[in-house]
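# Chain and residue survey
If you want the building blocks of each chain, they are given just below.
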Amino acid sequence: MNGQMGCQPSASMPAWHAGILPPMNRSPVSLALAALLASSLAHAQVPPAPVPDPEYDTCMVRMKAQAATRGVPTASFDRFLSGVTADRSVLDLLNAQPEFTTPIWDYLAGLVDDERVADGKRMLETHRDLLARVEREHGVDPATVVAVWGVESDFGRVSGKRLLLQSLSTLSCFGRRQEFFRGEFLATLKLLQDGDLADPSITGSWAGAFGHTQFMPTTYARIAVDFDGDGRRDLVTSIPDALASTANYLKRSGWQTGRPWGHEVTLPANFDTALAGRTNRRPLSDWIARGVVRVDGVPLVSSDARSAVILPAGRNGPAFVVFRNYDAIYSYNAAESYALAIATLADRLRGGSGLATPWPTDDAGLSRAQRRELQRLLLARGHDIGAVDGMIGNATRRAIRSEQEQLGLTPADGRAGQKILRALSSLSSPPLILP
Ligand code: CA
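Residues numbered from 1 in each chain as written. Predicted model: local features only at pLDDT ≥ 70, side-chain atom pairs only at ≥ 80, totals over all residues. Heavy atoms only, no water.

### Digging into the overall build of the protein chain
Scanning the protein chain for helices and strands turns up 18 helices and seven strands. Taken across its 435 residues, the protein chain has 53% of its residues classed as buried. Expressed as a percentage of contacts within the protein chain between residues at least 6 apart in sequence, the contacts between residues at least 24 apart total 70%. (Helix = DSSP H or I, 4+ residues; strand = E, 2+ residues; numbered from the N terminus. Buried < 20%, exposed > 50% of the residue type's maximum accessible area, 1.4 Å probe, protein only. Contact = heavy atoms within 4.5 Å.)

Given below as structure tokens:
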């Protein structure tokens, strides 16, 4: 999550952790390198020989002074930053423009797949008592909390591999968002100083989101709660702290207990699409008067509840009426695709069957299991795409484009969809042997 709408480096910061990597972060080589670096710094007794970097060093002297004014003594600063050097590769990520626009149905196919629904249902069961306590104290229901957890970090499994202090100190000293990242860097140091965080070698996304909930450090400082009672707000290793903090975030963003996020709806043929959009809010009674009805046939109850109609893929795709709780979810990551992923995953965790209206495409997106299958097929056909990880990165895209060209599939855009998966599956099927 980015936590601060309008303050994050990019409003559309992709969910690399959900299997969709930003362009510069997709290379398995750079990920492996980051992991290697992370583990070497975490475990090495002797830090690697530092390369002289006077610009960074001068900046760190300034940061040390600033940290001291925020209650981080210089001795602590030196200890936290021991062995940390600048990593200018994060500047490429800061400046990266998405070279490939991911359709919303691809995001949702990967974020709300059967695997995540099954995992989420297991989490609801495993943490039932905890989630009930979270709901009592923070007013957010278990399915919503677990859905955020699943979308943000795949239930704590994937939370970023870059050394947080290395990325944030570099972004504090170089690049175009230094002031923003200084705030995040200093907040991280304070969390370490105060003992909320124990390990200076924690890792996260290149921009500084980390832990089960993918909070940015300043959001962490404002919102995190200690729910297991050990006196520390630990969103890296404590599931109780993480889940309660997620609920606290939503509550602070205006969550209304017991209300739905919204519903999939059907629009009348003459619906004026200029009225759609998350911020075009009207009383629910107004939408009802215009002929908006739920797809499941349950009547919408007329009220003055503030609501909006959204058409994430235009007039020919699914339509939704959304309420205040959708805005609360939206504030978690300031992107329609993520808000819908969390909202619809929560619905499926409550037993729902998914969207009734198909997305307007003849080439639907792939679940993570299907992405892995596609990667296995590409590997078998000799493409050097690295490990089968379900993450569609540049190497996988290049391989898909090459196969699309050979098969005469258009557009040959490198997109991982059902068509290329079907085509390669049929090519790899063993020949039918007739008796
Ligand atoms: Ca705690």
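### What to know about the coordination of the calcium ion
Every protein donor of the calcium ion is listed here as Asp 226 (OD), Asp 228 (OD), Asp 230 (OD), Arg 232 (O), Asp 241 (OD) and Asp 241 (OD), and their distances to the metal cover 2.2 to 3.0 Å. Taken together, the six donor atoms coordinating the calcium ion span angles of 47 to 159 degrees at the metal, a pattern that classifies the geometry as irregular. All donors of the calcium ion come from a single chain, and their spacing in sequence reads D-x1-D-x1-D-x1-R-x8-D. By relative accessible area, which is 29% here, Asp 226 ends up partly exposed. Relative accessible area serves as the criterion here: at 37%, Asp 228 is assigned to the partly exposed category. (Donors = N, O, S within 2.8 Å, 3.2 Å for Na, K, Ca; no water. Tetrahedral: all angles 85-135°; square planar, octahedral: opposite > 155°, others 65-115°.)

### Some remarks on the pairing of strand β3 (residues 262-266)
Of all five residues making up β3, four are buried, and the element is well covered by its neighbours. Summarising the sheet, β3 and strand β7 (residues 319-322) pair through four bridges and their orientation is antiparallel. In the strand pairing of β7, Gly 262 is matched with Val 322. Across two bridges, β3 lies against strand β5 (residues 293-294) in antiparallel orientation. Its bridge partner being in β5, Thr 266 is matched across the sheet by Val 293. (Pairing = 2+ DSSP bridges.)

### What about the packing of helix α17 (residues 394-407) against helix α18 (residues 418-428)?
It is the contact of α17 with α18, at a shortest axis distance of 11 Å, that shows an interaxial angle of 70 degrees. In terms of axis orientation, α17 runs roughly perpendicular to α18. Along the contact surface, α17 presents Ile 400, Glu 403, Gln 404 and Leu 407, while α18 presents Ile 420, Ala 423, Leu 424 and Leu 427. Grouping the amino acids of the contact of α17 with α18 by side-chain chemistry returns six nonpolar, one polar and one charged. (Axes fitted to C-alpha atoms, helices over the stretch in contact; angles between N-to-C directions. Parallel < 35°, antiparallel > 145°, perpendicular 65-115°, else oblique. Nonpolar A, V, L, I, M, F, W, Y, C, P; charged D, E, K, R; others polar.)

### Describing the state of the cysteines
Defined simply, a disulfide is a covalent bond joining two cysteines at their sulfur atoms. Here the structure, examined in full by the defined rule, presents one disulfide. Sulfur-sulfur distance for the disulfide between Cys 59 and Cys 173 comes to 2.0 Å. Negative torsions about the S-S bond denote left-handed disulfides, and the value of about -85 degrees found for Cys 59 with Cys 173 makes this one left-handed. One end of the pair, Cys 59, is in helix α2 (residues 54-69); the other, Cys 173, is in helix α9 (residues 164-173), and 114 residues separate them in sequence. (Disulfide = S-S within 2.5 Å.)

### Here's the deal with the packing of aromatic side chains
Scanning the entire structure with this criterion turns up twelve aromatic pairs. Ring centres 5.6 Å apart and planes at 85 degrees place the aromatic pair Trp 149 and Phe 155 in the edge-to-face group. Judged by relative accessible area, Trp 149 falls into the buried class, the value being 2%. Assessed through its relative accessible area of 6%, Phe 155 is described here as buried. Aromatic side chains Phe 180 and Phe 181 sit 4.9 Å apart centroid to centroid with 80 degrees between the ring planes, which places their arrangement in the edge-to-face category. Each member of the pair Phe 180 and Phe 181 is classed as buried. Ring pairs connect the aromatic residues Phe 215, Tyr 249 and Tyr 332, which therefore count as one cluster. Above the ring of Tyr 330, the side-chain terminus of Arg 278 is found at 3.6 Å from the ring centroid. Between Arg 282 and the ring centre of Trp 287, over which it is positioned, the NZ or CZ distance is 5.7 Å. (Phe/Tyr/Trp six-rings, centres within 6.5 Å; stacked < 30°, edge-to-face > 60°. Lys NZ or Arg CZ within 6 Å of the ring centre and 35° of its normal.)

### A look at the pattern of salt bridges
Summed over all chains, the structure comprises 28 salt bridges. The salt bridge partner of Arg 348 is Asp 114, with a shortest N-O separation of 3.1 Å. With a gap of 234 residues between them, Arg 348 in helix α15 (residues 336-349) and Asp 114 in helix α6 (residues 114-126) connect regions that are remote in the sequence. Among the ionic pairs, Arg 290 bridges to Asp 286, the shortest N-O distance being 2.8 Å. Via salt bridges that share partners, Asp 113, Arg 116, Asp 119, Arg 122, Asp 154, Arg 157 and Arg 368 belong to a single interconnected network. (Salt bridge = Lys/Arg side-chain N within 4 Å of Asp/Glu carboxyl O.)

### Comments concerning α17
For α17, which comprises 14 residues, the first-to-last C-alpha distance of 20 Å matches the rise-based estimate of 20 Å (1.5 Å per residue) to within 8%. Within the sequence span of α17, burial applies to Ala 395, Thr 396, Arg 397, Ala 399, Ile 400, Glu 403 and Gln 404. Once α17 ends, the next one or two residues include Gly 408, with phi positive near 70 degrees. (Expected span 1.5 Å × (residues − 1).)

### Structural notes on the pairing of β7
Side chains of β7 alternate between two faces, with Ala 319 and Val 321 and Phe 320 and Val 322 buried alike. Summarising the sheet, strand β6 (residues 306-310) and β7 pair through three bridges and their orientation is antiparallel. Pairing of Ala 308 across the sheet is with Val 322, part of β7.

### Describing the side chain of Thr 344
Mapped onto the elements of the fold, Thr 344 is located in helix α15. Taking relative accessible area as the criterion, Thr 344 reaches 11% and is therefore assigned buried. Of the polar contacts made by the side chain of Thr 344, one reaches the backbone oxygen of Ala 341; its length is 3.5 Å. (Polar contact = N/O pair within 3.5 Å; in protein donor to acceptor, adjacent residues only side chain to side chain.)

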